[in-house]
Amino acid sequence: MPLSLKSRRSHAGRVGRLLAGTAIMATAMAGAAPAVAQSVEDRWQVKVMATGVLPDGAISSVATDRIGLPVGAQVEASDSYVPTVAIEYFLTPNISIETICCVTPHDVEGTGPLAGTALIDDAIILPATVTAKYHLQLEGGLKPYIGAGITHFFIFSEDVGSGAARLGATEVDLSDEFGFVLQTGFDLPLNDSGWGLTVDAKRYYVDTTATFRAGSTIALQSDHALDPWVVSAGVSYRF
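Residues numbered from 1 in each chain as written. Predicted model: local features only at pLDDT ≥ 70, side-chain atom pairs only at ≥ 80, totals over all residues. Heavy atoms only, no water.

Trainee: Sorry if this is basic, but what is going on with the confidence of the model for the protein here?
Mentor: Do not read the fine detail of predicted coordinates wherever pLDDT is low. When pLDDT is averaged along the protein, the result is 88; 83% of the residues meet or exceed 70. When the criterion is pLDDT under 50, residues 1-12 qualifies, and its contacts beyond four places in sequence or with other chains add up to 35 contacts. Considering only residues more than four positions removed or in separate chains, one finds that residues 20-36, a stretch of pLDDT under 50, has 21 contacts. (pLDDT = per-residue confidence, 0-100. Contact = heavy atoms within 4.5 Å.)

This is how it looks when you write it as structure tokens:
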């Protein structure tokens, strides 16, 4: 049966509110914080952050459908909240290279006619990411930045959900894929010992192909737009 596609879920509203609130707080703190001069000798920065990973996961196309998806069926991936570590190297006082370390667990459920149907359980994403960033140096110590880079999503440990099992699926696989990422945020040094606060937002553009098998037969194969917002806040140490 034909599949009708609904619009992707948007997390931009709550991401925007979070960033606006933290920017206002940081601006106020920057006015009270001492200006901290950092030279190119302070080349390394490590960040420990709390991170929200807010994926989309909607179906963008269907290649194989032997189970007969109902009209209007769609899917969504669950959000995940995890600790993350970022390691950054400054090539100059204004230009740096950054990578992050984290794994995030997600489930996938149906929406529309499949609302509440558990399709994929415990998919683990390892987003191997490298970005190049440009930093501004503002009065009061506040250092906003923008960046862009590449990523490769390694997806593993996914299991067939109970709803997909009732439809006859015995195995599921989500493909590993390359993509790109845009980034913005700011750092706020707190003292001349290297400690600071950091807020970061990334928008990833990554797809994946979901393949459900019933025995050796492909029962359903569909492409999905993961495209997560990844929003983080925490502490930094530059040395």
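Trainee: Teacher, can you tell me more about the pattern of salt bridges here?
Mentor: Two side chains bearing opposite charge may form a pair once their charged atoms approach each other closely. Inspection of the entire model under this criterion finds 6 salt bridges. Between glutamate 98 and lysine 47 there is a salt bridge; the shortest N-O distance is 3.6 Å. Of the two residues, glutamate 98 is situated in strand β5 (residues 95-101) and lysine 47 in strand β1 (residues 44-54); the sequence distance between them amounts to 51 residues. Both residues of the pair, glutamate 98 and lysine 47, count as buried. Between lysine 133 and glutamate 98 there is a salt bridge, with its nearest N and O atoms 3.1 Å apart. Taken together, the positions of lysine 133 in strand β7 (residues 118-135) and glutamate 98 in strand β5 put the pair 35 residues apart, joining distant regions of the chain. For the residue pair lysine 133 and glutamate 98, the accessibility class agrees, reading buried in each case. Via salt bridges that share partners, Lys47, Glu88, Glu98, Lys133 and Asp187 belong to a single interconnected network. (Salt bridge = Lys/Arg side-chain N within 4 Å of Asp/Glu carboxyl O. Helix = DSSP H or I, 4+ residues; strand = E, 2+ residues; numbered from the N terminus. Buried < 20%, exposed > 50% of the residue type's maximum accessible area, 1.4 Å probe, protein only.)

Trainee: Any chance you could explain the state of the cysteines here in plain terms?
Mentor: One way to say it: the disulfide is the covalent bond shared by the sulfur atoms of two cysteines. The tally for this structure, following the rule as stated, stands at 0 disulfides. Cysteine 102 provides the cysteine sulfur closest to cysteine 101, a residue in no disulfide bond, and the two sulfurs are 7.0 Å apart. Classification of cysteine 102 as buried rests on a relative accessible area of 8%. (Disulfide = S-S within 2.5 Å.)

Trainee: Any chance you could explain the environment of aspartate 207 here in plain terms?
Mentor: Mapped onto the elements of the fold, aspartate 207 is located in strand β13 (residues 207-214). The class for aspartate 207 is partly exposed, based on a relative accessible area of 41%. Along the sequence, aspartate 207 and leucine 174 sit 33 residues apart, while their C-alpha atoms lie 9.8 Å from each other.

Trainee: Is there a simple way to explain the sheet that holds strand β14 (residues 217-225) in this structure?
Mentor: Neighbouring strands of a sheet are bound in pairs by backbone hydrogen bonds; such pairs are parallel or else antiparallel. Strand order in this open sheet of 4 strands is β2-β14-β13-β10, and the pairing throughout is antiparallel. Because the sheet does not close on itself, it has two edges, and the strands there are β2 (58-65) and β10 (171-174). For this sheet the average axis-to-axis angle between neighbouring strands, irrespective of direction, equals 20 degrees. Pairing geometry for β10 and β13, over 4 bridges, is antiparallel. Bridge pairing links leucine 174 to alanine 210 in β13. (Pairing = 2+ DSSP bridges. Axes fitted to C-alpha atoms, helices over the stretch in contact; angles between N-to-C directions.)

Trainee: Would you mind going over the pairing of strand β12 (residues 195-205) with me for this structure?
Mentor: Working note: regular strand, side chains alternate between the two faces of the sheet. With 10 bridges connecting them, strand β11 (residues 177-189) and β12 associate as antiparallel partners. For phenylalanine 186, the partnering residue across the bridge sits in β12 and is valine 199. Here β11 folds back onto β12, and the loop between the two strands holds 5 residues, one of which, glycine 194, carries a positive phi near 105 degrees. Alignment of β12 against strand β15 (residues 229-238), held across 9 bridges, turns out to be antiparallel. Bridging from a neighbouring strand, aspartate 200 pairs with serine 232 of β15.

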